[in-house]
Amino acid sequence: MKSVYIRELRHYTKNELSNLFSEIDSNQLTVFIRKLRAYGILKSVKGDSGNLDLTDLVSLDELLLDGIDDNNTSYYIFNYVGVIYIDGYLLCCYPKYLFAYDYIEDKTKCRQLLKQVLKVLHRYNTSSQSVQLYSMDNQSSFVSRLSMIVALLDDYFQNGLYFNTQNIHELNGDGEINWNRTINFTHPLWQEGDPYYFNFWTRRNTIDDKSFIQRIHECLLTVCSRELEEISLLELLDINGVYLTEFSLNDLGTRDYLLYRITNELNTEFNSRKQYVLKLMGALLKDSSAMSEEDSIDLFGTTSFNLVWEAVCADVFDNKLTTPLSDLPLLSTVKIPPNKLGVKPRTLKDLIDRPMWTSIDDAVAFSDTLKPDLISVERNENVCSFVILDAKYYTMRIGSNKVEGQPGVGDVTKQYLYQLAYKDFIELNEIQEVKNCFLMPTEKDEIVSVGNVQMEMLGKVGLEKIQVRKLPASRMFDYYLQRRKIPTSVLNL
């Protein structure tokens, strides 16, 4: 098995892909490309798009090609971050801001950074997404077996093996006295009108460590660990293999029989963790093909890494957007501006006006409104700061009279409007400092002050210009994984 390193959204020619996948011929490469395109991982664009910023390519429909260009005049871009196992290849797709690793033969450092990214993806998936699990219907849809394996192993490391408990009643046992049973089934000695019991029924819970479902769990954990080991993913995902039994699933019964037993268990088990494990086991049994089989494809990652970057920034800078207003670190008791909808706002998110639509017969309806990425409210002695941050997954470059890869004018005006939306709240609560900033990732080790962007007409109404900072993504990911918070003062706004 060969590992191939791919940078997200870099444009590759077909010749470059042939060099990367040198073990397959041109016809196999064509099949390979079609398979990746079918999953939305690979996009082909016209050759005249080479000078355009890659951040915008995926949104330019007129540049996308439906087929494969046999004349080698088009480019191919991987819209993916994570790992892909396909046809004997392990594709390691690293984020687009890691420019330095495009042409380096030794990918050791890139591999270390990708391991960190995969940990971030795992935490993000665990906290904000759900794994598509086994259901009772027979409708078929693509389910990432790799994601389910990671979820099953992660649950085992946190909670151990699946187990059932049994309630055992014993006469004069070591467990807790069951007074109801004792009173109903034993005869006391009466003395002066008071009962005295010399025998007691006791109750204790024991773990049934020989249950059939537990044996299925042991087999699946072992099988899944071996699958990851065969395709060299245990080390990259930083997971320890779990080898608990020499039995195979076939030793326990047919796939249909195992699914039948899991379904029966699901119908009688109401513990949420146990239901989760049962559904995971059912999904893995239903998807009986191993990842190492030919023509298989499996994924662990995302085509929307921008959402992951937003989640990382919001967590690290302690987003206050949904914090109760009364809990904000203001200089005095919070003062809330009157709400035009007649509803008392509870959070900063509730303070933003919603568009009000009125028909000619005065019927009124409200629609969705602006949604900032994150807001930091901090107090340092007698100074309160209100910082509006927007995580932008861009690779922006500013040169002499030229800017590339920058957020669009819509992003800039929205960032101004966020401050305008909170103007009354800021003034009413006497907040002294207000800052606006775009946050972008960089492969560098320190925070980079890129500059700022401003629109003169909006600056005239007292709105702050928007600062631009590039943050060391590796450090941000470390903070996210360690659940550490950092103050916005590090941005030096």
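Rules of the game
- Residues numbered from 1 in each chain as written.
- Predicted model: local features only at pLDDT ≥ 70, side-chain atom pairs only at ≥ 80, totals over all residues.
- Heavy atoms only, no water.
- Buried < 20%, exposed > 50% of the residue type's maximum accessible area, 1.4 Å probe, protein only.
- Helix = DSSP H or I, 4+ residues; strand = E, 2+ residues; numbered from the N terminus.
- Pairing = 2+ DSSP bridges.
- Lys, Arg positive; Asp, Glu negative; His and termini not counted.
- Salt bridge = Lys/Arg side-chain N within 4 Å of Asp/Glu carboxyl O.
- Polar contact = N/O pair within 3.5 Å; in protein donor to acceptor, adjacent residues only side chain to side chain.
- Axes fitted to C-alpha atoms, helices over the stretch in contact; angles between N-to-C directions.
- Contact = heavy atoms within 4.5 Å.
- Expected span 1.5 Å × (residues − 1).
- Core = buried A, V, L, I, M, F, W, Y, C linked by side-chain atoms within 4.5 Å.

1. Some points on the pairing of strand β15 (residues 383-391)
Logical step 1: Where burial is concerned, most of β15 is hidden: eight out of the nine residues are buried.
Logical step 2: Bridge analysis of strand β14 (residues 374-380) against β15 gives seven bridges, and the strand direction is antiparallel. Each residue of the ladder has a partner; that of Glu-378, found in β15, is Ser-385.
Logical step 3: Here β14 hands over to β15 after two residues, with Glu-381 in that stretch at a positive phi of 60 degrees.

2. Some points on the side chain of Lys-470
Logical step 1: With respect to the helices, strands and loops of the structure, Lys-470 is situated in strand β20 (residues 466-472).
Logical step 2: Within the buried set, Lys-470 has no salt-bridge partner at all; the shortest N-O distance to an opposite charge, 8.7 Å, is to Glu-443.
Logical step 3: From its side chain, Lys-470 meets the backbone oxygen of Met-396 in a polar contact 2.6 Å long.

3. With respect to the sheet that holds strand β5 (residues 89-94)
Hydrogen bonds between backbone groups are what pair the strands of a sheet, and the pairing can be parallel or antiparallel.
Logical step 1: Read across the open sheet, the four strands follow the order β1-β5-β4-β11; overall the sheet is mixed. Single-partner strands in this sheet number two, and they are β1 (2-7) and β11 (297-302). Between one strand and the next, the sheet's axes are offset by a mean angle of 10 degrees, whatever the strand orientation.
Logical step 2: Pairing analysis gives six bridges linking strand β4 (residues 81-86) to β11, with the strands arranged antiparallel. Bridging from a neighbouring strand, Ile-84 pairs with Leu-299 of β11.
Logical step 3: Docked against the sheet, helix α5 (residues 145-159) engages β4 and β11, running at close to 65 degrees with respect to β11.

4. Considering α5
Logical step 1: Its 15 residues place the ends of α5 21 Å apart at the C-alpha level, agreeing with the 21 Å of an ideal helix rising 1.5 Å per residue.
Logical step 2: Counting buried residues along α5, eleven of its 15 residues qualify, which places the element largely inside the surrounding structure.
Logical step 3: What α5 keeps buried is the set Arg-145, Leu-146, Ser-147, Met-148, Ile-149, Val-150, Ala-151, Leu-152, Leu-153, Asp-155 and Tyr-156.
Logical step 4: A positive backbone phi angle near 80 degrees is found at Gly-160, which sits one or two residues after α5.

5. Focus: the nonpolar core
Logical step 1: Counting residues in each nonpolar core, the largest one holds 79 residues, and the members touching the most others are Ile-216 and Met-476.
Logical step 2: Those residues in contact with Ile-216 that lie beyond four places of it in its chain are Leu-249, Leu-252, Leu-258, Ile-262, Met-281 and Leu-285.
Logical step 3: Of all hydrophobic cores here, the second largest spans 21 residues; its members include Tyr-12, Leu-29, Phe-32 and Ile-86.

Functional significance is not addressed by these values, which are geometric in nature.
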